[in-house]
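Here is how the chains run, residue by residue.
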Amino acid sequence: MAAVTFDFYMNTYRGDPAVTEATFQRLEARAEDAVNALIRFRAVPAQFEALYQKAICAQIDYFAIYGIEAA
């Protein structure tokens, strides 16, 4: 299950409006993998869950702007 929903990305994080719901799933999956690699796939404590989700959203924005190939 994805750590970030499209609703969270658009309404809470206020993500890039160019990201559509159709492209969101692909970007979210790759962004989540990138963030998990940085934290070495450790469990995220509950108090840091919102920061974890925002990190994934920031990575989605990066992929949306520069492309997945840039990563």
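Everything below is about the structure printed above this text.
About the thresholds
- Positions within a chain are numbered from 1, following the residues in the order the chain's sequence is written.
- Under the rules for a predicted model, residues below a pLDDT of 70 receive no local features and side-chain atom pairs below 80 are neither given nor counted, while totals for whole chains, interfaces and linings still include all residues.
- As a rule here, side-chain values come from all non-hydrogen atoms in the structure, and water together with hydrogens is ignored.
- In this text, helices come from DSSP runs of H or I with a minimum length of four residues, and strands from runs of E with a minimum of two, each type numbered from the N-terminal end.
- Here's how the labels work: a residue is buried when its accessible area is under 20% of the maximum for its type, exposed when over 50%, partly exposed in between, all with a 1.4 Å probe on protein chains only.
- Lines fitted to C-alpha atoms define the axes, with helix axes restricted to the stretch in contact, and inter-axis angles between N-to-C directions lie between 0 and 180 degrees.
- Each angle is binned into one of four classes, with values under 35 degrees roughly parallel, values over 145 roughly antiparallel, values of 65 to 115 roughly perpendicular, and all other values oblique.
- Handedness of a helix crossing follows the sense of rotation of the near helix relative to the far helix, less than a right angle counterclockwise being left-handed and clockwise being right-handed.
- Every residue pair with non-hydrogen atoms within 4.5 Å of one another is taken to be in contact.
- Each nonpolar core is a collection of buried residues, namely Ala, Val, Leu, Ile, Met, Phe, Trp, Tyr and Cys, held together in the definition by side-chain atoms within 4.5 Å.

**Q** Can you help me understand unusual backbone geometry in this one?
**A** Most peptide bonds are trans, and most residues other than glycine sit at a negative phi. The backbone of Arg14 sits at a positive phi, close to 60°, despite the residue not being glycine. Residue placement: Arg14 occurs in the loop between helix 1 (6–12) and helix 2 (21–38). For Arg14, a relative accessible area of 64% corresponds to the exposed category. Phi is positive for Arg40, which is not a glycine, with a value near 60°. With respect to the helices and strands, the residue Arg40 is situated in the loop between helix 2 and helix 3 (49–66).

**Q** Just to check I follow, could you spell out the packing of helix 2 against helix 3 for this structure?
**A** Between two packed helices, the angle of one axis relative to the other and the distance separating the axes together describe the packing. For the pair helix 2 and helix 3, the least separation of the axes is 8 Å and the interaxial angle reads 120°. By the angle between their directions, the pair helix 2 and helix 3 is classed as oblique. As helix 2 runs across helix 3, the sense of the crossing is right-handed. Taking contact as the criterion, the partners of Phe24, Leu27, Glu28, Arg30, Ala31, Glu32, Ala34, Val35 and Asn36 in helix 2 are, on helix 3, Tyr52, Ala55, Ile56, Gln59, Ile60, Phe63 and Ala64.

**Q** Help me understand the nonpolar core in this model?
**A** A general trend in soluble globular proteins is that nonpolar side chains are found buried together. Ranked by size, the top nonpolar core spans 15 residues in total, and within it Val4, Tyr9, Phe24, Leu27, Ile56 and Ile60 carry the most contacts. Of all elements in the fold, only helix 1, helix 2 and helix 3 reach the threshold of two or more residues within this core. When neighbours within four sequence positions are excluded, Leu27 is seen to be in contact with Val19, Ile60, Phe63, Ala64 and Ile68.

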